[in-house]
Amino acid sequence: MSWNYRVGFKKNDSGFDEYGIVEAYYEDGKIVGVTDFTSPYDGDLEGLKWSLEKMLEACSKEVINLDDLNKEKEDVQS
């Protein structure tokens, strides 16, 4: 299993758009899970810089529609 930071999008309960950084987990190139929106943190300054750089790189990748991803999971479970 591998992971990377990605930008996630969802509609909040009030219907407004929300964008944030998530950790996306992959198996065989397919997303198998994502975290809630996350903040940068680490045990030292170098680790924090690394996390921030990877989060910025996520902004140049395709945005993950979290609403669609959750709907796909619901469809599979039904």
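This section reports on the structure supplied with the text. Because the structure is a prediction, the values reported are computed rather than measured.

What counts and how
Residues numbered from 1 in each chain as written. Predicted model: local features only at pLDDT ≥ 70, side-chain atom pairs only at ≥ 80, totals over all residues. Heavy atoms only, no water. Pairing = 2+ DSSP bridges. Helix = DSSP H or I, 4+ residues; strand = E, 2+ residues; numbered from the N terminus. Contact = heavy atoms within 4.5 Å. Axes fitted to C-alpha atoms, helices over the stretch in contact; angles between N-to-C directions.

### Considering the pairing of strand E2 (residues 17–27)
So, point 1. The pairing of strand E1 (residues 2–11) with E2 spans 10 bridges and is classified as antiparallel. Residue pairing in the sheet places valine 7 in a bridge with isoleucine 21 of E2.
So, point 2. What sits between E1 and E2 in their antiparallel hairpin is a turn of 5 residues, with glycine 15 showing a positive phi close to 90°.
So, point 3. The pairing of E2 with strand E3 (residues 30–34) spans 4 bridges and is classified as antiparallel. Bridge pairing links tyrosine 25 to glycine 33 in E3.
So, point 4. Between E2 and E3, which pair antiparallel and follow one another directly, the connecting turn spans 2 residues, one of which, aspartate 28, has a positive phi of 55°.

### As for the sheet that holds strand E4 (residues 64–65)
Strand-to-strand pairing in sheets goes through backbone hydrogen bonds, with the strands running parallel or antiparallel.
So, point 1. The 4 strands are arranged E3-E2-E1-E4 in an open sheet whose pairing can be described as mixed. Looking at strand neighbours, the two that pair on one side only are E3 and E4, the edges of this open sheet.
So, point 2. Contacts between helix H1 (residues 45–58) and the sheet are confined to E1 and E2, with E1 contributing the most and set at about 55° to the helix.

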